[in-house]
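Observations on chain architecture
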Amino acid sequence: VADVWVGDSDEDRKPCRLSFICTNVEGFKNLSRLLTLGYIEGQQHAEPMLLKEWLKPDRLEGLIALSGGQFGEIGRALLSANPESASEILDEWTTRFTGRYYLELHRVGRVDEDIHVARAVNLASQYAVPIVATNDVRFVRRDDFEAHETRICIQRGRTLDDPTRPREYTEDQYLKSSAEMAEVFFDLPEALANSLHIAQRCSFQLSLGQ
């Protein structure tokens, strides 16, 4: 699995998030090539970025894509002043990932999250695209939240008590159990079932030392 940023060009200041999941060896090789391109040719502010022009269907075989929730291109469109534009963007991504593209839903307590989930579910229903529930995990236990925030502050040269620092994460981004996820997404059982469906589609096993 790899979370990546995707931009329209190497000058894109607002790249969108996308997650890749390898289903087989071909997918692993394609993902390795894309990540290498990102690190060699897509560096922006010391962060690797993939250019959308690199994401041609033949380079995406063996890969499943998750939309990135409200930080993905579709999510941003759904939360914009023109949410209708999301349908055209969805068509583009489902063409790139035929039968392998999922609209990703989060419920971790972010601003506008409920709006995004409602609109994404409606879009998925309208165009028969599968949804999947994820938790955008950043740490293992809920109690690890403060340690995670401290690490982020160290990375960015900020202090915990800085009132101007961005609060990009919430204490709900820990590794929830299946029971906890079932409670959070009790009204969207399909989104939970699809997380298992995705796992069943993956048969790749990495052989270390070769």
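Preceding this section is the structure that the text describes.
All of the points below concern the structure found in this document. (Residues numbered from 1 in each chain as written. Predicted model: local features only at pLDDT ≥ 70, side-chain atom pairs only at ≥ 80, totals over all residues. Heavy atoms only, no water.)

1. Some words on the packing of aromatic side chains
Keep this limit in mind: Each Phe, Tyr or Trp ring, with Trp reduced to its six-membered ring, pairs with another whose centre is within 6.5 Å; inter-plane angles below 30 degrees give stacked pairs, above 60 give edge-to-face pairs, and intermediate values give tilted ones. Between buried and exposed lies partly exposed: a residue is buried under 20% and exposed over 50% of the maximum accessible area for its type, with that area taken using a 1.4 Å probe on protein chains only. For a lysine, the NZ atom is tested; for an arginine, the CZ atom; a charge sits over a ring if that atom is within 6 Å of the ring centre and within 35 degrees of the ring normal.
Enumeration according to the criterion identifies six aromatic pairs in this entry. Ring geometry for Trp93 versus Phe97: centroids 6.3 Å apart, planes at 25°, classification stacked. Since its relative accessible area comes to 0%, Phe97 is described here as buried. On the numbers, 6.4 Å between centres and 35° between planes, the contact of Phe97 with Tyr101 is tilted. Note on accessibility: Phe97 and Tyr101 belong to one class, buried. Above the ring of Trp93, the side-chain terminus of Arg96 is found at 5.4 Å from the ring centroid.

2. Examining the sheet that holds strand β5 (residues 101-105)
What counts here: Note on pairing: two strands pair once DSSP finds at least 2 bridges between them. Working definition: helices are DSSP H or I runs of at least four residues, strands are E runs of at least two. Numbering for both runs from the N terminus. Two residues form a contact once any of their heavy atoms are found within 4.5 Å. Between the N-to-C directions of two axes lies an angle of 0 to 180 degrees, each axis being a line fitted to C-alpha atoms and, for a helix, fitted only over the stretch in contact.
Reading across the sheet, the six strands line up as β3-β1-β2-β4-β5-β6 and stay open at both edges, with mixed pairing between neighbours. On the outer flanks of this sheet lie β3 (50-51) and β6 (131-133), each paired with one strand and no other. The pairing of strand β4 (residues 63-66) with β5 spans two bridges and is classified as parallel. In the strand pairing of β5, Ala65 is matched with Tyr101. Taken strand by strand, helix α4 (residues 113-127) contacts β5 and β6, and its axis lies near 155° from that of β5. Contacts from helix α7 (residues 189-201) reach β2 (16-22), β4, β5 and β6, with the element oriented near 95° to β6.

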